[in-house]
Amino acid sequence: MSRAPAYSDVQAPIYLAFWRTPFFRAFLSSPSGFLALFLAGILFATALLAPLALTKEEVYQRNVRRRLEGPSADHILGTDNLGRDILKRTLYATPLSLQLALSAAGMAIVIGFAAGAVTAYLPGRLRNVALRLIEIMLAFPGILIAIMLVAVVGTSAEGAVLAIGIAFSPSLARVAYTLAAGVAGLDYIASARVLGLSSRRIVARYIIPNIAETLIVVSLNATAAALVAVSSLSFLGLGVQGTQFDWGRLITEGVLRLYQVPLLALAPATAIGITGLTLGYLGEALARGLNPTLWTQTASVQSRSWLQRYFSSETMLLSGSALLLIAFYFLPWFSPDALDPNRTLVTGAAILAGRANLTETAIGSQVALLLLRTGAWIALLLGFLSYFSLRFRRLCAYLGLICGFGAGSYFVSILLADSTNLGAALASARLGFYLGLIATILLIAQVFSDKSATTRGSHNVIHPTSQASVVEADMSLPRPLLQVRGLTVRFDLESGAIAPVNDINLDLAEGEIVGVVGESGSGKSLTALALAQLVPHPGIVSAHYVRLRGEDITRMSAGQLRYFLGSEMAMIFQDPMSSLNPALKIGTQLTEAPRVHRRLSGKDLHRLALDRMADVHISAAERRLRQYPHEFSGGMRQRAMIAMGLMNSPSLIIADEPTTALDVTIQAQIIDVLREINQEQGTTIMLISHDIGVIVEICSRVLVMYAGRIVEDVKVTDLLTTDKHPYTEALIAAVPAFDSNRDEPLASIPGRPPDLDNLPAGCAFAPRCKYVFERCHREAPPLLHVEETHRIACFLRTEPPAEATRE
Amino acid sequence: MNKLDVRDLVVRYGRLTAVDGVSFGIPAGGTLGLVGESGSGKSTIARAIVQLAKAGRGQILLDGMDITVAHGADLNEMRSRIQMIFQDPYSSLNPRLSVGAMIDEVLRRHRNMKAAQRRLEIGRLLEMVALDPLFADRYPHQFSGGQRQRIAIARTLASQPELVILDEVVSALDVSVQAAILNLLRDLQREFRLSFLFISHDLSVVRYMSDSVCVMYLGQIVEWKETEDLFRQPEHPYTQGLIDSIPKMIAGGDPNRIPLRGEIPDPHFPPPACRFHTRCPFGPLAHPERNRCREDDPHRLIDKSEHYAACHFPLVRQELA
C-alpha cells in the first residue's frame, strides 16, 4: 500500500471568508436562507434608518383636511384619521416594536433556558417538583399571565416587556429541559464520560452543539410570539403609553376605522406578519447552517443548477401568491374606476403593443385586465390545489408566478402613472412584462427538463412495464405461487436516479420457504416492500409482471389489489413493537383484517383468533387477546404479529428480518413456529435476513442479493458443497463457524458495498472479488443456470475463462 | 495477578437487582466473553466497571486497586485505563465533532502533547485502525457503520487504555464488516497487550474472540469456563440451550438440539433457588424428583474464584455417572 498522506501533512485552511464558510453555505443552501437574509436586512435597515430619515413632524403633524384618504402618490398607503401618512408611521414604529419584542423574548429565553437546564440536572425528586411547577405554569395561557403581571408592575412599555418575559419563560424552560434530558442519555455522552472528559467540556462540546439547532428555532419563534404579545398588550392599552407608538398601538387606531380605511390596521399588521416570517425563516436557516451533515452535502445540492435550487416550486408558489395578493389588495384603491375605459391609464395591452397611445389601447387594456384577474384567480385556486396533488404543484406554482408578475407590473405602472410620469410608468410596465416573459420561458424549460414531475404521486403501486423485453426465465417450478419479472425500484434523487432493486426475476413455488440474504443496502428489504406495495414515498416501483396465484397484481385496480393482497399476502417486520398499534388490544388487532376481508361474525372471529394464537404457541390465549402490546415480551409480540398475518390464511408470508431484534433462544423458537406453519398449512414463506445461518436453518432455497440484483439462486442443500458465487462464498466464510480455528483471522470481504449512484461498469462485486478477471469490469454477468436448480450471475461459474480456471 | 477482578458485584436500579453477586477475572492481554439473553445484566456489568452505573456491593479491582472506593486523582487515573466501545456506532459518536476533533479531545485530556504532536498522533491512530488519516476532517455522518466503529476504536486507543470493554461492538454490523472489525480488535490486542471484556449475545463471535467465557442468566453468572471447554462440554443446561439455539449452518437445522422453552422471566421477580429451573429441560419440569433446584440456590456453595457451573445436576458429570 502506498503511503497515504498523513493528516499532519495537510495544511488546514487558516482563514475562510465568511461567505465561503460551510456554515454560510449551508445557511444559503435553501431559498429560505436567501429570503431570511433579504427580509432581515430590510427590517434591520428600516429599524436603523426610519428614525433618521423621517422627521418627527412628518410622523406627528396633523393635517385634518386630508384625513382618511385612500392610497395616492402623496400618501402611498393613505392617511389616518388625523391626516398622517400611514406608511411613514408604520415604518417609524419599527425600531420601538422590534426593541420591545427582542427584550421581552431575550428575557424569556434567558430565564427559560437557565431554568430548564438547571431542572435537567437536579436530583430525582427535586427535578420532578421543578418539572411539575413548570407544567402548572404552562397550563395558563402566556398572554393571560402577562396581563395579570402588567396589572402588578404597572402599564408601561417596560412593564409589558417584563410581563411577557416572565410569562413566556415556562414554555422555553420545558423545551430546554426536554432537549437537555434527551441528549444526556445518549451513547456519545456516556462515551465522553468514560473517556474522562470534564463536565464543562461535555456541556460545551457534546450537549449544547447537539441541541443548538432546536434552541435557535425555538428562540426565534418565541421572539415572533413575543412581538405579537407585546403588540397585543399595546393594542389593549396595557403597553406603550403617551405619544410613543408601536405597531400594536397603530392597530388600535386602525381597527376603529377598519371599514373605511382598511390599510390603517392592515399596514402595521402586515409589518408584524413580515417580521414574524423573517424570524421564522432566519431560525430555519441558522439551524441549517449549524448542521454539519449539510456542510458536506453541498456536493449533491450543487449538482442541481442554481435555477433549480432557488426557483424550487415552493418559492415559486410563495412569491407568486405574494405578488398576487399585493395586486389584489391594491388594485381597487389605485384605480377604483379601472373599468371605465376613458380613465384607465396603462394596462397590459398597452405594454404588449409597446404603444403609448392610451385611447387606442383602452379597450384592449380592459380585456387584458379581465384576463389578468381571471388568470390570477385560477392560479390562486391551483395554488391551493397544489397542496393536495403533487403532480400539479409545479405547474400551479409557475402559473401563480406568471400571473403575479403580470399583476405586479400592472400595479407598478399604475402607481407611477398616477404620479403623472407616464414615460416612467410605461418603462417599468414593459420591464415587468419582459421579466415575466423571461421567467416564463425559463420555467417552462425547467418543466420539460424535469421528467419526474409527472411520474410522482402514485408511488406505491407497481407500474407495469412493456412486456416486449420480458425474458421468460425458464424457472419451471412445479407449482409457481409467485412469479416476478423485471421488478425494479427506482428513486429519483437530486444527485441522479438510483435503482436499489434492479430488474429482478424470481419465482416462489407453493409451500416453499425461500430465503433472501445480503448485506444492508443490497435491496433485499426493498424487494419485500415492493411486493407488498409499501415502498416509501419517492420510490417508483415497476415490473413486467408480478403474478400471485396466477393473477398479475400490476394490472389490478387499487381496490382489487387491496382486497387481493389483504387475503393472499401477509408481511412480518423486524420490530414487532413498532408494527403493532400500542393503543389497541391484541385481540382487536388480530381480528381487524378478517373483519374487513371475510365478514365473519364476532364469535367466529374470536374462535379464529384463538386458533391462530394456538398456532404460534401463545398460551392463555383468551387472556392474551385482551392485553395490549406493551404487556407482551418481544418474542410474544413477534408471535402475535405472525398470528395476525395468519388470520386470513394467506398463501404467502413475507418475513423481513423477523428474528433480528430477538435473542438467539427466542429466534430459535420463532424459526420453529415459521417452519411449523409452513409444514402444517402449506404457507409459502419468503424470509429476508442478513444472517445466512438462519436461512440455512429453515429455508429450502436461498436468493443472494448484491447491489440490487440477485446474484445467486441455489438450493440450501447445495449451498455448502457446490461452487458458488464468490460473494456467497465470502459471506459464508465471514461467519465465525462453530468449529473454526480460533487462531486464524476471519475471512472478511475487502472494501465495502458500492454506492448505488456510482455502480461499477461491469459486475458490481468485481472491485471486492478475489477471482476477478478482465471481463468482469467490462460487462455485467447475467443470472444464468449452471444446473437445473442453480442460477449464478458470475462469469467465473457460467463461462469460466481459461486462465481463471487455473486458480 | 489479573488485570481486572470483579468480586461479588451487585448493581441495583431502584428495586431491580440487575447484577446479583457476580465474580470473574480477566488476565492482562486476555479476553473474557460475557454472553446471555437481553435482560441478563451483561451491559450493567460493563457500565458498572466504567462507573456509568454505581456498584451497590462488591469490588472492582484494577491491578488490585478497588475502583469503587477510589476517588479524586486516583479515580481519574484508573478511569483512563479502562475504556468502553459501544454497540451502536451511529449514536456513540458526537455528530457535531469532526473525527479529528473528537480524538483530539481525548489526547488533550490524557496525553501531554503539543498541538502539532496531537495532529501527528491523530493521523497515526487512524492509520492504526486502517482508515485514511485524511478522514480526520470529516464528520461521523460521512462514514459507514464499520468505519464509524473503527473511529470509535481509534478514539479509545487515544487514551492508551489497558482494559477495553466491548459491548456488542459488532452486532449492528454486516457479517463481512463484522469479520474485519473482529480481526482488527485481535490485532490491536496483541500489539498493545490489551485486556478485553467482550460482551455479545452471539455465541459464535464470543467463541472466536474469548479465552474464557461467562454465561449470564438473570443477573448471575451460571457458568464460567475456558472457551474450548465451555463449547465442547457445557455443564450448565442453560449454556447447552444457548449453544443449541445458534443456527449451525446445517440445512433444516440440527436435529439433536434441545430447544429452550419459554422466555427469560421478569428480573424484578426472579424465580427462587436456581433461577433457571422454570425453563430448564433437565430440571424439575422434566424430572419431578429434582426438587432441589426449586429449594436450594446452587450459587450458595460455589467457590467463585475459579471456573464453575452453578448447577445441582451438571450435564457433563451426569453423563460420566
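Because the structure is predicted, anything quoted here is derived from the model rather than measured.

Peer 1: Just to check I follow, could you spell out the nonpolar core for this structure?
Peer 2: For soluble globular proteins, nonpolar side chains are generally found buried alongside one another. Counting residues in each nonpolar core, the largest one holds 167 residues, and the members touching the most others are Ile164 and Ile642 of chain A together with Ile103 and Ile153 of chain B. With residues up to four places along the chain from it excluded, the contact list for Ile642 of chain A reads Ile572, Val616, Ile670, Val673, Leu674 and Ile677 of chain A. By size, the runner-up hydrophobic cluster in this structure holds 39 residues, among which are Leu487, Leu506, Leu565 and Met705 of chain A.

Peer 1: Please explain a nonpolar patch on the surface as it appears in this structure.
Peer 2: Residues and elements named next belong to chain A. A surface patch of nonpolar side chains, about 400 Å² in accessible area, is lined by Ile111, Val152, Val153, Leu162 and Ile166. Among the secondary structure elements, those contributing two or more residues to the nonpolar patch are α7 (142-153) and α8 (157-184). Considering the arrangement of structural elements, one finds Ile166 in helix α8.

Peer 1: Just checking my understanding: could you explain the pattern of salt bridges for this structure?
Peer 2: Two side chains with opposite charge may pair up if their charged atoms get near one another. Taken as a whole and assessed by the stated rule, the structure comprises 44 salt bridges over all chains. Here Glu568 of chain A makes a salt bridge to Arg549 of chain A, at a shortest N to O gap of 2.8 Å. Linking Glu568 of chain A in helix α23 (residues 558-568) with Arg549 of chain A in the loop between β6 (545-548) and β7 (551-552), this pair joins segments that are 19 residues apart in sequence. Look at Glu568 of chain A and you get buried, because its relative accessible area is 15%. Arg57 of chain B is the salt-bridge partner of Asp8 of chain B, the closest N and O atoms lying 3.2 Å from each other. Residue Asp8 of chain B is found in strand β1 (residues 4-13), and its partner Arg57 of chain B is found in strand β4 (residues 57-62); the two are separated by 49 residues along the sequence. Given a relative accessible area of 34%, Asp8 of chain B falls into the partly exposed group.

Peer 1: Whenever I open this one, the interface of chain A and chain B confuses me. Can you help?
Peer 2: Note: interface size is frequently given as the accessible area lost on complex formation between the parts. Contact with chain A, which involves 70 residues of that partner, is made by 78 residues of chain B. When chain A packs against chain B, the two sides together hide about 6600 Å² of surface, and 55% of this comes from carbon and sulfur. The interface formed by chain A and chain B contains five salt bridges. For Glu105 of chain B, the salt bridge identified is with Arg205 of chain A, shortest N-O distance 3.0 Å. Our count for the contact surface shared by chain A and chain B stands at 30 residue pairs in polar contact (both at pLDDT 80 or more). Of all the secondary-structure elements, those providing two or more residues to the side of chain A that touches chain B are α9 (187-194), α10 (199-235), α13 (292-295), α28 (634-646), α29 (664-681), α30 (692-698), α31 (716-719) and α32 (726-734) of chain A. Each residue belonging to the side of chain A that touches chain B can be placed in one class, and the counts come to 36 nonpolar, 18 polar and 16 charged.

Each value, and the rule that gives it
Residues numbered from 1 in each chain as written. Chains lettered and ligands numbered in written order. Predicted model: local features only at pLDDT ≥ 70, side-chain atom pairs only at ≥ 80, totals over all residues. Heavy atoms only, no water. Core = buried A, V, L, I, M, F, W, Y, C linked by side-chain atoms within 4.5 Å. Buried < 20%, exposed > 50% of the residue type's maximum accessible area, 1.4 Å probe, protein only. Contact = heavy atoms within 4.5 Å. Patch = residues over 30% accessible without salt bridge, like charges linked within 9 Å, V, L, I, M, F, W, Y side chains within 5 Å. Areas by Shrake-Rupley, 256 points an atom, 1.4 Å probe, with all protein chains shown as cover. Salt bridge = Lys/Arg side-chain N within 4 Å of Asp/Glu carboxyl O. Helix = DSSP H or I, 4+ residues; strand = E, 2+ residues; numbered from the N terminus. Buried area = accessible area lost by both parts, 1.4 Å probe. Polar contact = N/O pair within 3.5 Å; in protein donor to acceptor, adjacent residues only side chain to side chain. Nonpolar A, V, L, I, M, F, W, Y, C, P; charged D, E, K, R; others polar.

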